[in-house]
Amino acid sequence: MPKTLTRTLSALLLGSLSTLALADSNAETPSAFIISPADGATVSSPVTVQFGLSGMGVAPAGVERAGTGHHHLLVDAQSVPVAGQPIPADDNHRHFGGGQTQVSLDLPPGEHTLQLIMGDQNHVPLQPSVTSDKITITVE
């Protein structure tokens, strides 16, 4: 192989590797957040909860795709689900396996906590965990 071609290929390879390293170092850390209602808000039922997500995508349950997951809403849950175990499906752990990004909840009057956690195609919390801050709302 001629020296010029070898140098050109080496330069291209080195440039590509540098670009990949830079893209990797600039990758956004995934985060989940509740768009609305705001923390501390007083609302009436039904409560529309809008989910936010950055640094990754949403895919329905059962679909294995790198860099994706689906939302689970913790309502008045005492703790975050155990890593490596499927997220329970009950009144405190709401599943959105269809890829939904909002829900309308009928909640009784009083104080309630809301928190999002992302799960994989099998409803297991992602590792590392992608959760929102826990917010508190008051339903009148």
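Residues numbered from 1 in each chain as written. Predicted model: local features only at pLDDT ≥ 70, side-chain atom pairs only at ≥ 80, totals over all residues. Heavy atoms only, no water.

This part is about the overall build of the protein. Within the protein one finds one helix and nine strands. Counting from the amino terminus, helix and strand elements in the protein follow one another as α-β-β-β-β-β-β-β-β-β. Relative to its 140 residues, the protein shows a buried fraction of 32%. Taking contacts inside the protein between residues at least 6 apart in sequence as the whole, the part at least 24 apart equals 63%. (Helix = DSSP H or I, 4+ residues; strand = E, 2+ residues; numbered from the N terminus. Buried < 20%, exposed > 50% of the residue type's maximum accessible area, 1.4 Å probe, protein only. Contact = heavy atoms within 4.5 Å.)

Along the chain, the position of Pro86 falls in the loop between strand 5 (68–75) and strand 6 (93–95). It is 9.2 Å that separates the C-alpha atoms of Pro86 and Asp120, two residues lying 34 residues apart in sequence. Those residues in contact with Pro86, other than ones at most four positions away along the chain, are Asn122, His123 and Val124.

Looking at the protein as a whole, the pLDDT averages 86, with 81% of positions reaching at least 70. Segment residues 4–25 is flagged for pLDDT under 50; beyond a separation of four residues in sequence, or across chains, it makes two contacts in the model. (pLDDT = per-residue confidence, 0-100.)

What characterises a pair of aromatic rings is the spacing of the ring centres plus the angle enclosed by the ring planes. Under the counting rule described, the total for this entry stands at one aromatic pair. Ring geometry for Phe51 against Phe96: centres 5.0 Å apart, planes inclined by 65°, an arrangement best described as edge-to-face. With Phe51 in strand 3 (residues 47–54) and Phe96 in the loop between strand 6 and strand 7 (102–105), the pair connects residues that are 45 residues apart, well separated along the chain. For Phe96, a relative accessible area of 6% translates into the label buried. (Phe/Tyr/Trp six-rings, centres within 6.5 Å; stacked < 30°, edge-to-face > 60°.)

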